[in-house]
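In case you want the letters, here they are:
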Amino acid sequence: MTLPLEILSEALQSGDTSAEALLSAMRSRVDNIEGKVRAFVNTHFSEAYPKAKHMDHLRKKGEPLGSLAGIPIAIKDNICVKGMPTTCSSEILKNYRPPYNATVVEKLEAAGAIIVGKTNMDEFAMGSSTENSAFFNTRNPWNLERVPGGSSGGSAAAVAAGEAVFALGSDTGGSIRQPASFCGIVGLKPTYGRVSRYGLVAFGSSLDQIGPLTRSVKDAAIVLGVIAGHDPKDSTCSTLPVPDYTAGLNKDIRGCKLAVPKELYENPGVEESVRKSFDEALKTYQALGASCEFISMKSFDYALSTYYVIAPAEASSNLERYDGVRYGLRVPADTLKAMICNSRSKGFGQEVKRRILTGVFVLSAGYYDAYYLKAQQVRTLITREYNEAFKRFDAIITPTAPTVAFEIGEKSSDPIAMYLSDIMTIPVNMAGLPSISIPCGFSAGLPIGLQITGKAFEEAALLKIAYAFEQATEYHKKEPDVPSVSASEE
Amino acid sequence: MEVHAQLKTKTKLFCGCSTQFGAAPNTNICPVCTGQPGALPVLNQVAVEFAIRMGLALNCTINVQSIFARKNYFYPDLPKGYQISQFDKPLCENGRIDIALASGTKRIGVTRIHLEEDAGKLLHQGAASIKGATHSLVDLNRACTPLIEIVSQPDIRSAEEARLYVEKIRSILVFLGICDGNMEEGSLRCDANISIRPLGSSQFGTRTEVKNMNSFRAVEQAAISEIARQKEVLLSGGAIVLETRNYDDESGQTTSMRSKEEAHDYRYFPEPDLLPLGVDAPWLAQIKSSQPKLPDQIRHELQVAQLPESDIVQLLNDPQRLHYFEAVCAGRTLPVKKVANWVLGDLSALANEGKFSFTQPSVSPAHMADLVALVEAGTFSGKLAKEILPDLLQGKSPHEVIALKGVKQIGNDADLIPFIEQAIQSNPGPLEQYKNGKTSVAGFFVGQVMKATQGQAKPDVVNRLVREVLDRS
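### Structural notes on the overall build of chain B
So, step 1. Broken down by element type, chain B carries 16 helices and 16 strands.
So, step 2. Relative to the globule expectation of 23 Å for 473 residues, the C-alpha radius of gyration of chain B, 30 Å, shows a markedly less compact shape.
So, step 3. Oriented by its inertia axes, the alpha-carbon framework of chain B measures out at about 95 × 55 × 50 Å.
So, step 4. Within chain B, the proportion of its 473 residues that are buried is 37%.

### Focus on the overall build of chain A
So, step 1. Looking only at helices and strands, chain A has 17 helices and eleven strands in total.
So, step 2. Expected size for 490 residues packed as a compact globule is a radius of gyration near 23 Å; at 21 Å, chain A falls within 12% of this value.
So, step 3. Residue burial in chain A is summarised as follows: out of 490 residues, 59% are buried.

### A few points about the environment of Glu117(B)
Residue and element names in this part refer to chain B.
So, step 1. For Glu117, the location among the structural elements is in strand β7 (residues 104-117).
So, step 2. We classify Glu117 as buried; it has 27 C-beta atoms within 10 Å.
So, step 3. Distance in space between the C-alpha atoms of Glu117 and Arg142 is 9.2 Å, their sequence separation being 25 residues.
So, step 4. Contacts of Glu117, omitting those with residues within four sequence positions, involve Leu13, Phe14, Gln83, Ile84, Cys144, Thr145, Pro146 and Leu147.

### As for the interface of chain B and chain A
So, step 1. Taken together, the contacts link 25 residues of chain B with 35 residues of chain A.
So, step 2. Each residue belonging to the side of chain B that touches chain A can be placed in one class, and the counts come to 14 nonpolar, six polar and five charged.

### Quick notes on the sheet that holds strand β4 (residues 68-72) of chain B
All names here are of chain B.
So, step 1. Here we have three strands laid out as an open sheet, ordered β5-β4-β15, and antiparallel in their pairing. The open sheet is flanked by β5 (82-86) and β15 (269-270), the only strands paired with a single partner.
So, step 2. As defined by bridge partners, β4 adjoins β15 across two bridges and the pair is classed as antiparallel. Residue Ala69 lies in a different strand from β15, and its bridge partner there is Pro270.

### Remarks on the sheet that holds strand β11 (residues 188-194) of chain B
Residues and elements named next belong to chain B.
So, step 1. Reading across from one edge, β2-β6-β7-β10-β1-β11-β12-β13-β14 is the order of the nine strands in this open sheet, with mixed pairing throughout. Two strands bound the open sheet, and with one partner strand each, they are β2 (61-62) and β14 (253-259).
So, step 2. When strand β13 (residues 243-248) meets β14, the two strands line up antiparallel, connected through six bridges. Bridging from a neighbouring strand, Arg245 pairs with Ser256 of β14.
So, step 3. Packing of helix α1 (residues 45-57) onto the sheet brings it into contact with β2, β6 (92-101), β7 and β10 (146-152), and relative to β7 it is tilted by some 165°.

### Focus on the packing of helix α8 (residues 336-352) of chain B against helix α9 (residues 365-376) of chain B
Residues and elements named next belong to chain B.
So, step 1. Between α8 and α9, whose axes approach to 10 Å, the crossing angle comes to 125°. Taken together, the axes of α8 and α9 are oblique relative to one another. Pair α8 / α9 crosses with right-handed handedness. Mapping the contact onto sequence places Lys338, Val339 and Trp342 in α8 and Met368, Val372 and Glu376 in α9.
So, step 2. When its residues are assigned to classes, the contact of α8 with α9 shows four nonpolar, no polar and two charged.

### Here we look at the nonpolar core
So, step 1. Ranked by size, the top nonpolar core spans 214 residues in total, and within it Ile73(A), Ile79(A), Ala167(A), Ala466(A), Ala51(B), Met54(B) and Ile113(B) carry the most contacts.
So, step 2. The element that contributes the greatest number of residues to this core is helix α2 (residues 159-176) of chain B, accounting for eleven residues.
So, step 3. Sequence-distant contacts of Ala51(B), defined by excluding residues within four places in its chain, comprise Leu91(B), Cys92(B), Ile113(B), Leu115(B) and Ile148(B).
So, step 4. The next biggest cluster of nonpolar side chains, apart from the first, holds 25 residues, and it includes Val363(B), Ala369(B), Ala385(B) and Ile388(B).

### Observations regarding helix α3 (residues 216-235) of chain B
All names here are of chain B.
So, step 1. Taking 1.5 Å of rise per residue, the 20 residues of α3 would be expected to cover 28 Å, and the 29 Å separating its terminal C-alpha atoms lies within 8% of that figure.
So, step 2. The set of residues buried in α3 consists of Ala218, Val219, Glu220, Gln221, Ala222, Ala223, Glu226 and Gln230.
So, step 3. Lining the buried residues of α3 we find α2, β11, β12 (208-213), β13 and β14.
So, step 4. Looking one or two residues beyond α3, the residue adopting positive phi is Gly237, at roughly 85°.

### Considering the domain arrangement of chain B
Residue and element names in this part refer to chain B.
So, step 1. Domains assigned within chain B are domain 1 (2-194 + 268-283), domain 2 (293-405) and domain 3 (413-472).
So, step 2. Taken together, the contacts link five residues of domain 1 with four residues of domain 2.
So, step 3. Looking at the side of domain 1 that touches domain 2, the element that brings in the most residues is α2, giving four residues.
So, step 4. Its residues placed into classes, the side of domain 1 that touches domain 2 shows four nonpolar, one polar and no charged.

### Observations concerning the environment of Gln153(B)
Residues and elements named next belong to chain B.
So, step 1. Tracing the chain through its elements places Gln153 in the loop between β10 and α2.
So, step 2. Overall, the presence of 15 C-beta atoms within 10 Å leaves Gln153 in the partly exposed class.
So, step 3. For the pair Gln153 and Cys60, spaced 93 residues apart in the sequence, the C-alpha separation amounts to 13 Å.
So, step 4. With near-sequence residues (within four places) excluded, Gln153 lies in contact with Ile108, Gly109, Val110 and Thr111.

### Focus: the domain arrangement of chain A
Residue and element names in this part refer to chain A.
So, step 1. Looking at the assigned domains, one finds that chain A contains domain 1 (5-262 + 390-489) and domain 2 (301-376).
So, step 2. Opposite the 26 residues of domain 1 that make contact, domain 2 presents 23 residues.
So, step 3. Sorting the residues of the side of domain 1 that touches domain 2 by element identifies α14 (415-419) and α15 (426-431) as the ones contributing at least two each.
So, step 4. Ranked by the residues each element gives to the side of domain 1 that touches domain 2, the list is headed by α15, at three residues.
So, step 5. Taken together, the residues that form the side of domain 1 that touches domain 2 break down as 15 nonpolar, eight polar and three charged.

### As for the pairing of strand β5 (residues 186-189) of chain A
All names here are of chain A.
So, step 1. Taking every second residue as pointing to the same face, both faces of β5 are buried, with Val186 and Leu188 on one and Gly187 and Lys189 on the other.
So, step 2. As paired strands, β5 and strand β6 (residues 209-214) are joined by two bridges and run antiparallel to one another. Within β6, the residue paired with Val186 across the bridge is Thr214.
So, step 3. Sheet topology note: the β5/strand β10 (residues 435-443) ladder contains three bridges and is antiparallel. For Leu188, the partnering residue across the bridge sits in β10 and is Ile436.

### Quick word on the pairing of β4(B)
Two faces belong to every sheet, and in a regular strand the side chains alternate between them.
All names here are of chain B.
So, step 1. Most of β4 sits inside the fold, with five of its five residues counted as buried.
So, step 2. As paired strands, β4 and β5 are joined by five bridges and run antiparallel to one another. Looking across to β5, one finds that Phe68 is bridged to Gln86.

### Overview of the environment of Ser289(B)
All names here are of chain B.
So, step 1. Mapped onto the fold, Ser289 is located in helix α4 (residues 281-289).
So, step 2. The exposure class assigned to Ser289 is exposed, which follows from the 7 C-beta atoms found within 10 Å.
So, step 3. The spacing of Ser289 and Glu309 is 20 residues in sequence and 29 Å in space, taken between C-alpha atoms.

How each quantity is defined
Residues numbered from 1 in each chain as written. Chains lettered and ligands numbered in written order. Predicted model: local features only at pLDDT ≥ 70, side-chain atom pairs only at ≥ 80, totals over all residues. Helix = DSSP H or I, 4+ residues; strand = E, 2+ residues; numbered from the N terminus. Rg over C-alpha atoms; globule rule 2.2 N^0.38 Å. Buried ≥ 20, exposed ≤ 12 C-beta atoms within 10 Å, placed from the backbone. Contact = placed C-beta atoms within 7 Å. Nonpolar A, V, L, I, M, F, W, Y, C, P; charged D, E, K, R; others polar. Pairing = 2+ DSSP bridges. Axes fitted to C-alpha atoms, helices over the stretch in contact; angles between N-to-C directions. Parallel < 35°, antiparallel > 145°, perpendicular 65-115°, else oblique. Left-handed = near helix turned anticlockwise from the far one by under 90°. Core = buried A, V, L, I, M, F, W, Y, C linked by C-beta atoms within 7 Å. Expected span 1.5 Å × (residues − 1). Domains from an automatic or database assignment.

Written as C-alpha cells, this is what we have:
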C-alpha cells in the first residue's frame, strides 16, 4: 500500500488495477491503522467512491484523463476544499466549511486526484510536532510513541503509513520538510510564488507555501507539475511558465557544487546520529561526482529569532478575522467586545495565543522599528547571503532537522526547544527558496532527512540533485511496520 | 480635512463583486470581501487609475511605487479584522488646490491621496441607531469597495474655507467622473481636524477630530461650533483634549466620541498579500493625456466666451448639463449665451419634469445647435423655436419639423406689409410716440406682427419693414 504514485499511475493506465480497487485498498488500510496513527481530522471515502467509479468509467471509454486520475490523496486541513470541513485543527474553525476550493484543490481535482481526507496539523500550522492540534495527537508511523513532526504531521504520517498516495502540506518555517524527515518520506517546499496560496488559510503570508509530501522524488516532481503555475487570484504567485519537472530527473550530477553552511552543521543541537547520516550523504554525493564545500552563512545565526518576529506579526493580523461574527466559534456575551474576547479565548490554543501576543507586540506603536523593521532588514541580509552563495554553488545541503522524531510530550512544555526543531528549515523560508527533504538514514529505527535547497524557481535542478541521491540509496524503500488496530487489541 | 471619496468603479477594490448601490443585503459578496479563511485580494487597476486622476487633478506627485498596508482593528463590519489601506508610502503626495475667497485665491496644500477599501454596513435592529438597538445585522455589500482618502495640509483657517475646500474637492471628483459626490448617501465623507491658537502664535493648539458631517453646510457649521467650543474652554482656563468628536446636525454641536486613551493602535504593516503598486511612465502618460477638463479650466474658458457668471456657476454645478452645453457649442460658432438660455431654461425645466435627460438627450446636441443657429440667422423666431421644441423631443431635426408641419416662414415684403399696416392702424397711440421720436416703440409693432402671423413671420424682415412703414406713415 506504500507504492509510489508513478507506479500506481501506470497500474491504473494498464488496467492492472482500478481507481475503485485502489480506493478500497486505501480504505481498508485506513480502517486498519488509522486508529493508531490518527493522521486525519476527517475522511471522505463515501464521497470518493462515486468519483473513483466515474474515473474508471471514463478510462474504459478511452476518454483522456488527467495525470492523477483515480489517485487517492490527502489534504492538510488548512487548505480549503469546498464541501469538506477546514478546521486548521482549531476549535475556532471546528465547524467551518469553506464555500470555495483552494486553487491547488481545483488543479488536483482537474487532474483526476481523489481527496479521501483532511489531515491533522498543529493548530493554524503553528508548531513542529502536531501536538498543538486542538483535537488529538498524530503518531509517527515508525514509532507510535513519537511525534510525526509538524505542522504537516498528519499529511506526513498518512503518506508514510500508506493512508494516501501523496498529501499536500504547507510550509512556513519547515512544516513540510521537518515532518517528511521525521516520517521518512519526501517533502518539497516550492519557491515562494511557485504555487498559488489562494485557499490556504494564512499563517505567515510572506512565508507560507503549499507543497507535496510524497513517497519518492519523482512523485514530488509529478505533483509539483500539477499544482504549480500562475493564479490570477494570488497576486504574489509567479507568472513564470511551469516546466516538466520529471523530464531532467535522470541527468547525472557530476560537477554539481554543493555547499554546507557551517553555522547549521556545527550547531550543538544536531544529534550525533543525524550528523553521521549527513556525513554519509556528503560521501554519497561525492561518489556521484558532486563536490561538497563548507561555507559560512553568518546571518543564519539570526534566522530563528527573525522568523519569530515576522511570522507571529503576520499571524496576529491574519488571525484577526476569527472574531465570532461571520463564521467559526462564537461564544455569546452581553457586549460585542466580550463576545470577541470570549470566542477567541476559547477558540485558540496556547501556542496560537502566544504567537498572536508576540505578533501584536512587535507591531505595536513604539516597538515596530526595533522588532518588525529590524527583522525585515535581517531577512534581506539572509536573502543576500543566499544569493551570494548561489553564485558559486548549485545547492545548499544540511540535515532537515537537528534530531530524529522526538517523543510525544518531550518538548511540549518548552516552546524554545520546540522552536529549535526548525533551525535548519527556517532560513529557507526567509529567502523564499525551494527546498526538499529526502530520506538519508535511520537512527534506532527512526528516519533521518537530508535537506537540499536550490535557487529560486529552479525546482527542476533541485529535484535532479535529490533524485540522484535517492536512486543511489535505499532509505526510501524502507517502510514502517504499523501494527493494525485489531492486531494490537488481540 | 480628511475627505473619503467612494470611487465609481464597476467592481470592488480587491475582488470582482459588483459595487452597485441598493442591492439586497449580502448579495454582492464573495470569499474575498467576506474575509473567508484563505481568500486573497487582487487589486482593481481601474481604481488605481481613478486615484491617479485625482492625484493629477490636485497637482500631486504620483509615486512610481506605493505600498499597501494593513490597518488592524476589530469591528463587525470589518470582515478580515484589518482594512487594506496605504500608510507610509501612499499613491499620491504633495499636491495643492486653490479655493476662491472674497479676498482672492487661497492655496490649500494636499498632503496625500491614498487608496483603501471600505467596510461593510451595520443595520441596527429595534432602534434608529446603535443606541437602544436590540441587535445589529451585518451587510457586506459595501465591504471592499474602493475609497480614496484625501488629506489636506493644516492650511485651512476658517469654517468657510473648510466648506469651500470640500466643495472644490467634490466638484473635481464629479468632473473627473470618479465619484458621484453624494454626501447624504455617504459616497463622500469628511472629517475635520480642528485646533485654535492665540493670535501671533506659530504653534498649533491641541486638535480634535470631528466626524459625521453629511453636507457642505454641516462641514461649515461643525467647524463654527467646534471653534466656538474650543475658544470657550481655553478662555475659561481649560485645556483641549485630543479626542474624536461627533457632529450632530440637529443641534449643530459636537460631542465627545472617544479620547486618545481609547484610540486604537492600528499596528500598520505592509500587506504581504499584495505586491508593491507600480505606476510605470507609459501608463501615467496615457492617464494624463485622457484627463478630462477640470472646473477651473472650464470656468476660465466660459469667462473668455463672456458667459455671465451666474450661468457659469449653474453649469459647473451640474456636469451633465455642462457636458450637453459643451456638446451643443462644439465645433460651431454659436452665441454661447443663447445656448445657455436653452440649456438652463427650457431644457432644464423639462428635465425637472422628467421629460428630458442631459445624459441621454432626446434632442441631440446637433439638433439643438441647428435650432439656435436658425433663430440666430433669423430664419425663424425664438417663439416658433419654442413651439417646435415638443417635436424636437421626439427626435426630429428642426429642418424636418419645418418641412413636416408645413410651418412656413413668411419672408417676402408683399406678404408682410398688410400685417404691418394693420398693426399700425390699430395702435394710434404708439404710432404717435414713434413720430415724436421714441423709436424704440418699433419693437412693439414687431411683436404685434409676430403675434398676428402666429410667429411665422421672419423676424429680421419684419424688423426692417416695420421701420420703413412707420417712417412712411
